[in-house]
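# Tertiary structure, described
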Amino acid sequence: MIAHNGVNRDGSGNVPYIVHPHAVVSMLKSWGYTESDDAVTLAVAWGHDVLEDTDMPESEILRVCGEFGPRVLDGIRQLTFRPGVPLGHPDYGRLKAEYIRKVAETAPVEILPVKIADRLCNTLDFRKDGDLEHARAYFGYGQPLFERIGELKYAARIKDDVTAVARDLLSPS
């Protein structure tokens, strides 16, 4: 997405930011989501961090997404975390957990798989980087999301991936 053009991901060295939304979209597609049937879900996946991590205005999201713009923007808004405190602040973890619970409780089935894929992709990135403790904690905060998997299209495939990541996190390093 153009909002992430030329930007590297925090803590990732020289990995372009676009690699992350691409991984989320790829995971959704591996579960069965398609451009023809799930355009809004995939568009939200491409832009899920735009309001959180860039200065792209909402009007640009509406413009870029055309007829789907209002639904895409609404989905991105629902997945945007703005705690009002920096990472490392004593309240950050609590606020993040509250945000995840809220998304789990209120996100429509069109948007929820994006947050699940985002959580899994980030967990796998932390694991790959050798930060097993962070990966386990990050994955654990996702439990309220995972409890709604049964409501989603492709629930069996999603559950298989969640189970595989959980198993990997429990295996010795």
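Reading the values: the criteria
- Residues numbered from 1 in each chain as written.
- Predicted model: local features only at pLDDT ≥ 70, side-chain atom pairs only at ≥ 80, totals over all residues.
- Heavy atoms only, no water.
- Helix = DSSP H or I, 4+ residues; strand = E, 2+ residues; numbered from the N terminus.
- Buried < 20%, exposed > 50% of the residue type's maximum accessible area, 1.4 Å probe, protein only.
- Contact = heavy atoms within 4.5 Å.
- Arc of directions from axis to C-beta.
- Axes fitted to C-alpha atoms, helices over the stretch in contact; angles between N-to-C directions.
- Parallel < 35°, antiparallel > 145°, perpendicular 65-115°, else oblique.
- Nonpolar A, V, L, I, M, F, W, Y, C, P; charged D, E, K, R; others polar.
- Phe/Tyr/Trp six-rings, centres within 6.5 Å; stacked < 30°, edge-to-face > 60°.
- pLDDT = per-residue confidence, 0-100.
- Core = buried A, V, L, I, M, F, W, Y, C linked by side-chain atoms within 4.5 Å.
- Expected span 1.5 Å × (residues − 1).

## Considering the overall build of the protein chain
A tally of helices and strands in the protein chain yields ten helices and zero strands. Order of helices (α) and strands (β) in the protein chain, N terminus to C terminus: α-α-α-α-α-α-α-α-α-α. Expressed along its principal axes, the backbone C-alpha trace of the protein chain runs to roughly 45 × 35 × 30 Å. Buried residues in the protein chain amount to 43% of all 173 residues. Across the protein chain, the fraction of contacts at a sequence separation of at least 24, relative to all contacts at a separation of at least 6, is 65%.

## Digging into helix α5 (residues 69–79)
Those residues of α5 that fall on the buried side of the exposure criterion are Gly69, Val72, Leu73, Gly75, Ile76 and Leu79. Mapping the buried residues of α5 onto a view down its axis gives an arc of 160°, with all of them on the same face. Against α2 (39–47), α3 (50–53), α4 (58–65), α6 (92–106) and α7 (112–128) lie the buried residues of α5.

## A look at the packing of helix α1 (residues 19–31) against helix α10 (residues 155–170)
It is the contact of α1 with α10, at a shortest axis distance of 8 Å, that shows an interaxial angle of 125°. One way to sum up the angle between α1 and α10 is to call them oblique. Where α1 approaches α10, its residues Met27, Ser30 and Trp31 are matched on the opposing element by Arg157, Ile158 and Asp161. Across the contact of α1 with α10, the residue classes break down as three nonpolar, one polar and two charged.

## Regarding the packing of aromatic side chains
Summed over the entire model, instances satisfying the criterion amount to five aromatic pairs. A ring pair is formed by Phe126 and Tyr138, whose centres lie 5.1 Å apart and whose planes are at 75°; its orientation type is edge-to-face. One end of the pair, Phe126, is in helix α7; the other, Tyr138, is in helix α8 (residues 132–141), with twelve residues separating them in the sequence. Overall, Tyr138 belongs to the buried group, its relative accessible area being 11%. Aromatic rings pair up to connect Phe81, Tyr92 and Tyr99 into one cluster.

## Some remarks on the confidence of the model for the protein chain
Should pLDDT be low for a region, the predicted coordinates there are not to be read in detail. Mean pLDDT over the protein chain works out to 92, with 91% of the residues at or above the 70 mark. Here α3 stands out as the element of the protein chain with the lowest mean pLDDT, 92, in contrast to helix α9 (residues 143–146), whose mean of 98 is the highest.

## Quick notes on the nonpolar core
By size, the foremost hydrophobic cluster in this structure holds 46 residues, and its most contacted members are Leu28, Trp31, Ile61, Ile116 and Leu120. Leaving out residues up to four positions away in the same chain, Leu120 has contacts with Met27, Trp31, Phe139, Phe146, Asp161, Val162 and Val165.

## Things to note about α10
For α10, spanning 16 residues, the distance from its first C-alpha to its last is 22 Å, which sits close to the expected 22 Å at 1.5 Å a residue. All of the buried residues in α10 are Ile158, Val162, Val165 and Leu169. For α10, the buried positions fall inside an angular range of 60° around the axis, keeping them on one side. The exposed residues of α10 that point more than 90 degrees off its buried face are Ala156, Lys159, Asp160, Arg167 and Leu170. Against α1, α7, α8 and α9 lie the buried residues of α10.

## Examining unusual backbone geometry
Although it is not a glycine, Tyr154 adopts a positive phi angle of roughly 60°. Checked against the element boundaries, Tyr154 lands in the loop between α9 and α10. Of the residues examined, Tyr154 reaches a relative accessible area of 27% and is grouped as partly exposed.

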